[in-house]
Amino acid sequence: MIECKNITKVYKNGDEETTVLKGVSFKIEDGEFVAITGPSGSGKSTLMHILGCLDTPTSGSYFLDGRDVSKLSDNQLADVRSNQIGFVFQSFNLLSRTTVMRNVTLPLVYSGVPDAEHDGRAAQALRAAGLPEERWNFKSNQLSGGQIQRVAIARSLVNNPSVIMADEPTGNLDSKTGEIVLGTFQQLNKEHGATIILITHDSDIAHHADRVISIKDGLIIEDKKNTKQKVVDHALL
Ligand SMILES: Nc1ncnc2c1ncn2[C@@H]1O[C@H](COP(=O)(O)OP(=O)(O)OP(=O)(O)O)[C@@H](O)[C@H]1O
Ligand SMILES: [Mg+2]
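First things first, this report covers the structure right here in the doc. The written sequence of each chain sets the order in which its residues are numbered from 1. The naming scheme follows written order: chains are lettered A onward, ligands numbered 1 onward. Since the coordinates come from a predicted model, pLDDT governs what is reported: local features require at least 70, and pairs of side-chain atoms require 80 or more to be given and counted, while whole-chain, interface and lining totals use all residues. Each side-chain value is worked out from all heavy atoms of the structure, with water and hydrogens disregarded.

**Some words on the overall build of the protein chain**
When helices and strands are counted, the protein chain shows seven helices and 10 strands. When we talk radius of gyration, it's over C-alpha atoms, and the globule rule is simply 2.2 Å times the number of residues to the 0.38. For a compact globule of 237 residues, the expected C-alpha radius of gyration is about 18 Å, and the protein chain comes in at 18 Å, within 12% of that figure. Each principal axis of the C-alpha distribution contributes one length, and for the protein chain these read about 50 × 40 × 35 Å. Taking all 237 residues of the protein chain together, the buried fraction comes to 50%. Contacts: residue pairs with any heavy atoms within 4.5 Å of one another. Taking the intrachain contacts of the protein chain between residues at least 6 apart in sequence as the baseline, contacts between residues at least 24 apart amount to 69%. Where accessible areas are quoted, they stem from the Shrake-Rupley method and a 1.4 Å probe; at the residue level, only the protein chains shown are allowed to cover. For the protein chain, the exposed area adds up to about 11,400 Å²; of that, 47% sits on carbon and sulfur atoms. Taking the 25 positively charged and 29 negatively charged side chains of the protein chain as two groups, their mean positions are separated by 1 Å. Helix and strand definitions here come from DSSP, where helices need a minimum of 4 consecutive H or I residues and strands a minimum of 2 consecutive E residues; each element is numbered from the N-terminal end. Exposure categories follow from relative accessible area, calculated using a 1.4 Å probe and restricted to protein chains: below 20% of the type maximum is buried, above 50% is exposed, and the middle band is partly exposed. As used throughout, the charge tally considers Lys and Arg to be positive and Asp and Glu to be negative, leaving His and the chain termini uncounted. Positions of charges follow a simple convention, taking NZ of Lys, CZ of Arg, CG of Asp or CD of Glu.

**Quick word on the sheet that holds strand S5 (residues 67-68)**
The strand order across the open sheet built from four strands is S2-S1-S4-S5, with neighbouring strands paired in antiparallel fashion. Bordering the open sheet on either side are strand S2 (16-28) and S5, each of which pairs with just one other strand. Here, strands pair whenever DSSP counts at least two bridges between them. As judged from the five bridges shared by strand S1 (residues 2-13) and strand S4 (residues 59-64), these two strands associate in the antiparallel manner. Note that in S4 the partner of Ile2 across the bridge is Leu64.

**Re the site of ligand 1**
Residue proximity to a molecule or strand is established when one non-hydrogen atom of the residue lies within 4 Å of it. Surveying the vicinity of ligand 1 reveals the residues Tyr11, Asn13, Val20, Pro39, Ser40, Gly41, Ser42, Gly43, Lys44, Ser45 and Thr46. In the model, an oxygen atom of ligand 1 is placed 2.7 Å from a nitrogen or oxygen of the Lys44 side chain. In isolation ligand 1 has 640 Å² of accessible area, and contact with the protein removes 60% of it. Elements with a contribution of two residues or more to the shell around ligand 1: S1 and helix H1 (44-51). A total of three residues in the shell around ligand 1 trace back to one element, the largest contributor, which is H1. Pairing of N or O atoms within 3.5 Å defines a polar contact, subject to two protein rules: one partner must be a possible hydrogen donor and the other a possible acceptor, and residues neighboring in sequence count only if both atoms are side-chain atoms.

**Points about the sheet that holds strand S6 (residues 85-88)**
Taking strand neighbours across the sheet as the criterion, the six strands line up as S6-S7-S8-S3-S9-S10 in an open arrangement whose pairing is mixed. Of all the strands in the sheet, just S6 and strand S10 (219-225) have a single pairing partner and so form its edges. In this sheet, neighbouring strand axes are inclined to one another by 15° on average, regardless of whether the strands run parallel or antiparallel. Sheet analysis places strand S3 (residues 33-37) next to strand S9 (residues 211-216), joined by four bridges and oriented parallel. Each bridged residue has a counterpart across the sheet, and for Thr37 the counterpart in S9 is Ser214. With axes taken as lines fitted to C-alpha atoms, and helix axes fitted only over the stretch in contact, angles between N-to-C directions fall between 0 and 180 degrees.

**Topic: the packing of aromatic side chains**
Note on aromatic contacts: the rings of Phe and Tyr and the six-membered ring of Trp form a pair at centre separations within 6.5 Å, being stacked when their planes are under 30 degrees apart, edge-to-face when over 60 apart, and tilted otherwise. Applying the stated criterion to the full structure yields one aromatic pair. Both a distance and an angle decide whether a charge sits over a ring: NZ of Lys or CZ of Arg must be within 6 Å of the ring centre and within 35 degrees of the ring normal. Positioned above the aromatic ring of Phe138, the side-chain terminus of Arg135 is 4.8 Å from the ring centre.

**Here's the deal with the packing of helix H4 (residues 118-129) against helix H5 (residues 145-157)**
For the pair H4 and H5, interaxial distance at closest approach is 8 Å and the crossing angle is 130°. Taken together, the axis directions place H4 and H5 in an arrangement best described as oblique. Handedness of the crossing formed by H4 with H5: right-handed. Here Ala125, Leu126, Ala128 and Ala129 of H4 come into contact with H5, specifically with Arg150, Ile153, Ala154 and Leu157. Nonpolar residues are Ala, Val, Leu, Ile, Met, Phe, Trp, Tyr, Cys and Pro. Charged residues are Asp, Glu, Lys and Arg, and all others, Gly as well, are polar. Grouping the amino acids of the contact of H4 with H5 by side-chain chemistry returns seven nonpolar, no polar and one charged. Working rule for angles: under 35 degrees goes down as roughly parallel, over 145 as roughly antiparallel, 65 to 115 as roughly perpendicular, anything else as oblique. Rotating anticlockwise by less than a right angle from the far helix to the near helix defines a left-handed crossing, while the corresponding clockwise rotation defines a right-handed one.

**Here's the deal with the side chain of Gln186**
Among the secondary structure elements, Gln186 is positioned in helix H6 (residues 175-192). Reaching out from Gln186, the side chain makes a polar contact with the backbone nitrogen of Val232 at a distance of 2.9 Å. Those residues in contact with Gln186 that sit more than four places away from it in its chain are Phe33, His208, Gln229, Lys230, Val231 and Val232.

**Quick look at the pairing of S6**
Burial along S6 is two-sided: Ile85 and Phe87 and Gly86 and Val88, pointing in opposite directions, are all buried. Bridge count between S6 and strand S7 (residues 163-167): four bridges; the pairing is parallel. Residue pairing across strands places Ile85 opposite Val163, the latter belonging to S7.

**Details of the nonpolar core**
The criterion is simple. A nonpolar core is a set of buried Ala, Val, Leu, Ile, Met, Phe, Trp, Tyr and Cys residues joined through side-chain atoms within 4.5 Å. Counting residues in hydrophobic clusters, the biggest one holds 40 residues, and the most contacted among them are Val104, Leu126, Ile153, Ile164 and Phe185. Elements with a contribution of two residues or more to this core: S3, helix H3 (100-110), H4, H5, S7, H6, strand S8 (195-200) and helix H7 (203-206). In terms of residues, this core owes the most to one element, H5, which gives six residues. Excluding residues within four positions of it along the chain, Val104 makes contact with Ala122, Ala125, Leu126, Val151, Ala154, Arg155 and Val158. Ranked by size, the runner-up nonpolar core spans 28 residues in total, among them Phe26, Ile28, Val69 and Ile199.

Structure, rendered in structure tokens:
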């Protein structure tokens, strides 16, 4: 479970201070599919970096599975990032001249999973992300945008994280490919029980989640169940 209590974030550059988050509180239970939405510059990525233990708040507290994140050592934080959270970054961050398999197994190397398990775990993640097997030995610069996004999703899944955080995962995709990626998240949520946090500036994309938290100027302006969840047809996947 994720719990934020009155989180603020102030960036300091010389004399200039920018307050980006102004006291944000919410809980996300295991197995929820939550969209965090808001206009550009509202603080979404800043919040995701804090939730993902990539950055720390200026004040307030953040509990992940009941543990106060501010009390964890650097090693413990690295451990949380590599084993508990799967990240899908907007810019993908894949190695372009490296095969799909290698890109997906890399996080296993960092988390010390025995070599013998790598291919099996990568295959499982690639299947869950819906990348056809005949593409697994392609290099990532030989794939389409949607296929690359599936590799990025597979890579985020390979350590079996309990939470997947995706920052504008459909930002670079055409609308049909975007729908497929959102359907993949819905499937991971419904069938594998993963908690999904989807960051988007687009309210239409946010409607694929079952709860929408809206932020504006660093404050939550709305947090509600989405009763009209847009469910992607399985036949598309
Ligand atoms: N390192 C930094 N130093 C100073 N200001 C920063 C820093 N990083 C982000 N900001 C500012 O914080 C605000 C929020 O940035 P953030 O990246 O969280 O927005 P966002 O909601 O993700 O926007 P977008 O939809 O464009 O990705 C912006 O005004 C940005 O200029
Ligand atoms: Mg952003």
